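This is what each chain is made of:
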Amino acid sequence: MNAPKSNPDKDYYAGALAAALTAVVWAVQAIILKMAVIVATPSLIVWFRFVFAFTVMLVFLLFKNKNETLGILRQPPLKAIVAGLFLGLNYYGFLKGLELTTPSNAQIGIQLGPFGLALFGIFHFKERLNNLQRSGLVLTPVGLVLFFKDQLGSFLNNERALIEGYIWILFAAVTWITYSVLQKILGQSLKNGYVLMIVYFTAAVMFSVITNPAPILNWDLYTWTIMVILGITTLLSYGFLAF
């Protein structure tokens, strides 16, 4: 059940590549999500994405190691359950923010998440930055403030919606930071696949309580295509991010 030891240099480059792939998936995802909120409610979209991701991850892990997978399901780590709750809140908050703004606004605003995680890594995990990374850390908040100020001018007729949207995006960023910190801690003692399985399961259960899944019976091919793509992006983005 313990995570295997690995080479630090190899981990660094693999992590950088995984982060880049995650960023690409997220960029495409924001556009698809904007299409999805037209045909389904935010809670139903989030519920379907986690159910899809959990089902695929469960089947994969059962084939890989049935006994270990079932053991994790019977006694899931508390931190993984909490991480699942926060990731579920992150998905919902981002989707609500996207409803009220635009894909570009949501995608830029959510960068507060990685920025906050970087700060946490510096102060808590004692991670070191090179000069280029330090420059990026300083310029990021400046860029976000300038972007937000510029966008207010573009939303003069609906400024309230933009501000409300950014509040949801900020909420999504904070919950994402919490999830990511827990994921990083859990990854030191548990294989990432098992962590993600519990995370997806927890979030799916959480939204099952507040979601009516009946509308999926009336989805057409277009809607199913969008939702399956979103389910796949959930698997890819958080699978990459876990490494």
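First things first, this report covers the structure right here in the doc. (Residues numbered from 1 in each chain as written. Predicted model: local features only at pLDDT ≥ 70, side-chain atom pairs only at ≥ 80, totals over all residues. Heavy atoms only, no water.)

1. So, the overall build of the protein
At step 1: Assigned secondary structure in the protein consists of 10 helices and 0 strands.
At step 2: The helix and strand sequence of the protein, counted from the amino end, reads α-α-α-α-α-α-α-α-α-α.
At step 3: For the protein, the residues scored as buried account for 41% of the 243 residues in total.
At step 4: Residue pairs at least 24 apart in sequence account for 86% of intrachain contacts in the protein once pairs closer than 6 positions are excluded.
At step 5: On the protein, roughly 13,300 Å² of surface is accessible, and the fraction owed to carbon and sulfur atoms is 69%. (Helix = DSSP H or I, 4+ residues; strand = E, 2+ residues; numbered from the N terminus. Buried < 20%, exposed > 50% of the residue type's maximum accessible area, 1.4 Å probe, protein only. Contact = heavy atoms within 4.5 Å. Areas by Shrake-Rupley, 256 points an atom, 1.4 Å probe, with all protein chains shown as cover.)

2. Observations concerning the packing of helix α2 (residues 42-64) against helix α3 (residues 66-74)
At step 1: Their axes nearest at 6 Å, the elements α2 and α3 cross at an angle of 135°. With respect to α3, the axis of α2 lies oblique. Facing α2, whose interface residues are Phe54, Leu58, Leu61, Leu62 and Lys64, α3 presents Lys66, Thr69, Leu70 and Leu73.
At step 2: Of the residues in the contact of α2 with α3, the class split is 6 nonpolar, 1 polar and 2 charged. (Axes fitted to C-alpha atoms, helices over the stretch in contact; angles between N-to-C directions. Parallel < 35°, antiparallel > 145°, perpendicular 65-115°, else oblique. Nonpolar A, V, L, I, M, F, W, Y, C, P; charged D, E, K, R; others polar.)

3. Details of the nonpolar core
At step 1: Membership of the largest hydrophobic core comes to 55 residues, with the highest contact counts inside it found for Ile45, Phe94, Met197 and Tyr200.
At step 2: Those elements that provide at least two residues to this core are α1 (8-39), α2, α4 (78-100), α8 (159-186), α9 (192-210) and α10 (221-241).
At step 3: If one sorts the elements of this core by residue count, α2 sits on top with 12 residues. (Core = buried A, V, L, I, M, F, W, Y, C linked by side-chain atoms within 4.5 Å.)

4. What to know about the pattern of salt bridges
At step 1: Taken as a whole, this structure holds 2 salt bridges when the rule is applied.
At step 2: For glutamate 68, the salt bridge is made with lysine 191, and the minimal N-O distance between the two is 3.9 Å. Here the residue glutamate 68 occupies a position in helix α3, and lysine 191 occupies one in the loop between α8 and α9, the gap between them amounting to 123 residues.
At step 3: We classify lysine 191 as partly exposed; its relative accessible area is 34%.
At step 4: Residue glutamate 99 pairs with lysine 96 through a salt bridge whose shortest N-O separation is 3.5 Å. (Salt bridge = Lys/Arg side-chain N within 4 Å of Asp/Glu carboxyl O.)

5. Here's the deal with the environment of threonine 234
At step 1: Looking at the secondary structure, you find threonine 234 in helix α10.
At step 2: With relative accessibility at 0%, the residue threonine 234 sits in the buried group.
At step 3: Along the backbone, threonine 234 and valine 46 are 188 residues apart, and their C-alpha atoms lie at a distance of 10.0 Å.
At step 4: Separated by 2.9 Å, the side chains of threonine 234 and arginine 49 make a polar contact.
At step 5: One polar contact links the side chain of threonine 234 to the main-chain carbonyl oxygen of leucine 230, over a distance of 3.0 Å. (Polar contact = N/O pair within 3.5 Å; in protein donor to acceptor, adjacent residues only side chain to side chain.)

6. Regarding the packing of aromatic side chains
At step 1: According to the stated counting rule, one finds 10 aromatic pairs in the structure shown.
At step 2: Relative to tyrosine 91, the ring of phenylalanine 50 has its centre 4.6 Å away and its plane inclined at 40°; by these criteria the two rings are tilted. With phenylalanine 50 in helix α2 and tyrosine 91 in helix α4, this pair connects stretches of sequence that are 41 residues apart.
At step 3: Residue phenylalanine 50 is classed as buried on the basis of its relative accessible area, which comes to 0%.
At step 4: Ring pairing ties together the aromatic residues Phe48, Phe52, Trp219 and Trp224, which thus form one cluster. (Phe/Tyr/Trp six-rings, centres within 6.5 Å; stacked < 30°, edge-to-face > 60°.)

7. Some thoughts on a nonpolar patch on the surface
At step 1: A surface patch of nonpolar side chains, amounting to about 490 Å² of accessible area, comprises Ile31, Met35, Ile38, Val39 and Tyr222.
At step 2: Here the element with the most residues in the nonpolar patch is α1; it accounts for 4 residues.
At step 3: Of note, isoleucine 31 is situated in helix α1. (Patch = residues over 30% accessible without salt bridge, like charges linked within 9 Å, V, L, I, M, F, W, Y side chains within 5 Å.)

8. Considerations on the side chain of threonine 202
At step 1: The residue threonine 202 is located in helix α9 in this model.
At step 2: What makes threonine 202 buried here is its relative accessible area of 10%.

9. Observations regarding α9
Side chains of residues three or four places apart in an α-helix project in the same direction, reflecting 3.6 residues per turn.
At step 1: Taking 1.5 Å per residue as the helical rise, α9 with its 19 residues ought to reach 27 Å, and the 28 Å between its terminal C-alpha atoms agrees with that figure.
At step 2: Asn192, Tyr194, Val195, Leu196, Met197, Ile198, Val199, Tyr200, Thr202, Ala203, Ala204 and Phe207 are the residues of α9 that are buried. (Expected span 1.5 Å × (residues − 1).)

In short, geometric facts, not functional conclusions.
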